[in-house]
Amino acid sequence: MSAPFYLTTPIYYVNAAPHLGHAYTTIVADAMARYRRLAGDRVWLLTGTDEHGDKIAQAATRAGLPPQALADRNSSAFRETWRRLGITNDDYIRTTEPRHARVVQAVLQGLRDAGEIYLGKYGGHYCFGCERFYTEKEIVDGRCPDHQTPLTWIEEENYFFRMSKYQGWLIEYLEAHPDLIRPERYRNEILGFLREPLQDLSISRPRSRLEWGIPLPFDERFVTYVWFDALLNYVSALGWPDDERFRTFWPHAQHLIAKDILKPHAIYWPCMLKAAGLDVFRRLNVHGYWNVGGGKMSKSVGNVVEALALTDKYGNDAFRYFVMREMTFGLDADFTEEAFVGRLNADLANDLGNLVSRATTLLAGARDGEATVGPPEEEDTAVHRAAVTARAAADEAMADFAFQRALAAIWEFIGAVNRYVDATQPWALARDPARRPRLGRVLCTLADALGWLGIVLDPFLPEAAGRIRAAVGVTAPPRLADAVMGRLDRVPAVARLSGLFPRIEDAARTAGKAARAARPARAAADTPDAPAAPIAIEDFQRVDLRVAEVLAAEAVPKSRKLLRLTVSLGDEQRTVVAGIAEHYAPADLVGKKVVVVANLQPATLMGITSQGMILAGSADTKTAVLALDRDLPAGAKVR
RNA sequence: GGCGGUGUAGCUCAGCGGCAGAGCAGGGGUCUCAUAAGCCCCGUGUCGGAGGUUCAAUUCCUCCCACCGCCA
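Residues numbered from 1 in each chain as written. Chains lettered and ligands numbered in written order. Predicted model: local features only at pLDDT ≥ 70, side-chain atom pairs only at ≥ 80, totals over all residues. Heavy atoms only, no water.

**Q** Is there a simple way to explain the pairing of strand 12 (residues 253–258) in this structure?
**A** Side chains on a regular strand alternate between the two faces of the sheet. Counting buried positions over the six residues of strand 12 gives six, a clear majority of the element. Every second residue of strand 12 is oriented toward a common face, with Ala253, His255 and Ile257 on one face and Gln254, Leu256 and Ala258 on the other, all of them buried. The pairing of strand 1 (residues 4–13) with strand 12 spans three bridges and is classified as parallel. Considered in strand 12, the bridge of Tyr6 is made with Ala253. Bridging between strand 12 and strand 13 (residues 283–287) involves five bridges; their strand directions are parallel. Bridge pairing in strand 13 places Leu256 opposite Asn285. This β-α-β element, strand 12 to helix 10 (residues 262–275) to strand 13, shows right-handed connectivity. (Buried < 20%, exposed > 50% of the residue type's maximum accessible area, 1.4 Å probe, protein only. Helix = DSSP H or I, 4+ residues; strand = E, 2+ residues; numbered from the N terminus. Pairing = 2+ DSSP bridges. Right-handed = clockwise from strand over helix to strand, strands pointing away.)

Written out as structure tokens, the structure reads:
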């Protein structure tokens, strides 16, 4: 029941600062680790930094620093970022650590002794940026197709890993383990790649051109190729070969990567493990790219979003929620601040935050008399069932790394609870002493639902989930096994929790909001006992009132109240939608001269753009359109 | 050039032989516990285009177009 679960992020290359892509991988790994811990698994979450290779050496030279100093600085930047994002990694490995170098050398020596590594010769066009050779066909005008920089012809001796001999084995292994690489599109991509002959892998670089790496144990003239070095972090961090941690966790290893490093993980790495006599990892989970403003996220292109700036602005939980909810795991997604704010307002503020606020207010407000808790009714058990359904769906989604589906399932439940509040109307129950037991039960169900959310949301929104648990008085560490509704039989003491996720209001939204707010205000002003505040004549003159002749009128389909009018303002015709269908038949209006607001901002009602407003008075259920008591031409000014 | 993917409502996407769906945005209504939130109602869109198979195609096949990925 306490299953080991080993999850790794890639180790990040320290030639650049952390960005959205790094943050997504790490956040998603953290959420998965938290979920499995919540489920009671023994979890080991590993992240770290990749610090060797040409690019680090070059970046260090540019920065006027020794490579180790640059690596120290940038590795700290990653570590600090994860700390601020609240990442719960259990270890943080750096490839410049002795514990790692020792393992790399041991593996190399073992492969060398087993005849898996041989000295060969290679010549080709080399790109220092890519740290790879290019074939003639790939070269564009003598330049690197990636960097557009001139290539260097290099001919050198190097050590090669006999990867080609594992091609057949790897294909069979992939056939026998359909879940090894997921989602399936990436498995297919690798199978496609394996239809072509696999080359041996150069695993060394001569020290004559690169000092910054782990020396080959059997030939001091060479350092280890950075990928061969880096991939081994996944076992070196567990203390291969003898550490108990390695024996416990390696059989349950799951890797999490972005699609740009699919090939090393899906091809080199299994072959390396096989050759070294180690088990292949359990699963490779591959996600897509974040596009920002149409461009791609990448380590070497500058178009990136600074992750920390966004989390500072909107909070860690909101950021976590957005990236996990917005991206379909495996596919690319777009990052825009509008989408971010949209999710924050719709899902976090309106649905979740408001539910917590209304429920805790009800619970905190009605404390006396809830000692009597009636039996659960159908409405209550329906909520219990919704919780069961949501957890089952979330479990299934999480087993598949489908974070977006897990969150959608939880939000289904949040919707069900919001509907439950509306249906049971606890505020109405509170007015009727005879219904005390029912009120007690409703409050109980609400507290129960909040408790459930405080647990299930924990992996995704750790801060908010903690606050919800605190509000309902839960102090014990959350466990998924306790996320079961229907066991609560008295109303707990609950503290009011409002403003969990405040809405973000931008200028456009504020304007829309003001327009909506104006409606009830106007209605209030209509009633004689609520006179409007005095305004200056200039204020009134801003309203352009005109005489208009109604040329045509028709009912708006599917609308009870709306009429679509075509009016003449003299030299201009306009469409005006008026909410008077309950008071006037279309035919009664045609030919009438009425008064319209001519400079009203156009509004779309039932898909029709209304370019103005007909003036009408109303009292109780009566409505009368303003007409002229003697004739004036259409378009005449009214004041 | 080869292989593969995608193209569905204003936006993001689900569906993948049997009357076109969800969320968001927008519109209408309603409640008042709540963060002007909630809840209810409202979508005829050439399902990229053209052919074909079928009683029936958004769904299967062929070709074409656009974009994307992997490989060369």
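**Q** Just to check I follow, could you spell out helix 1 (residues 20–38) for this structure?
**A** Since the α-helix advances by 3.6 residues per turn, residues separated by three or four positions end up pointing in the same direction. Between its terminal C-alpha atoms helix 1 stretches 26 Å, which fits the 27 Å expected from 19 residues at 1.5 Å a residue. With 17 of 19 residues buried, helix 1 is to be regarded as a mostly interior element. With its phi angle positive at about 100 degrees, Gly40 sits one or two positions after the end of helix 1. (Expected span 1.5 Å × (residues − 1).)

**Q** What is the right way to look at the side chain of Asp317 in this model?
**A** Along the chain, Asp317 turns up in helix 12 (residues 316–326). No salt bridge is formed by the buried Asp317. Its closest oppositely charged neighbour is Arg320, at 4.9 Å. In contact with Asp317, not counting residues within four places along its chain, are Leu461, Pro462, Glu463, Ala464 and Phe501. (Lys, Arg positive; Asp, Glu negative; His and termini not counted. Salt bridge = Lys/Arg side-chain N within 4 Å of Asp/Glu carboxyl O. Contact = heavy atoms within 4.5 Å.)

**Q** Is there a simple way to explain the side chain of His52 in this structure?
**A** Relative to the helices and strands, His52 resides in the loop between strand 2 (42–50) and helix 2 (54–63). For His52, the side chain forms a polar contact with the side chain of Asp229, separated by 2.5 Å. Dropping the residues within four chain positions of it, His52 is found in contact with Tyr13, Thr95, Thr96, Trp212, Gly213, Ile214, Val226 and Asp229. (Polar contact = N/O pair within 3.5 Å; in protein donor to acceptor, adjacent residues only side chain to side chain.)

**Q** Even after reading the chapter, I still don't get the sheet that holds strand 1, so can you show me in this structure?
**A** Sheet strands associate in pairs through backbone hydrogen bonding, adopting either a parallel or an antiparallel arrangement. Across the sheet, which stays open at both edges, the six strands sit in the order 3-2-1-12-13-7 with parallel pairing between neighbours. Of all strands in the sheet, those with a lone pairing partner are strand 3 (91–94) and strand 7 (181–182), marking the two edges. Alignment of strand 7 against strand 13, held across two bridges, turns out to be parallel. Bridge assignment links Arg182 to a residue of strand 13, and that residue is Asn285.

**Q** Mind showing me how you'd approach the pattern of salt bridges here?
**A** For side chains bearing opposite charge, pairing can occur when the charged atoms are close. Following the criterion strictly, the structure yields 36 salt bridges and no others. Linking Glu220 and Arg207 is a salt bridge whose minimum nitrogen-to-oxygen distance equals 3.6 Å. With Glu220 in strand 11 (residues 219–224) and Arg207 in the loop between strand 9 (204–206) and strand 10 (215–216), this residue pair connects regions lying 13 residues apart in the sequence. By relative accessible area, Arg207 is classed as partly exposed at 25%.

Coordinates in, geometry out; function isn't part of it.
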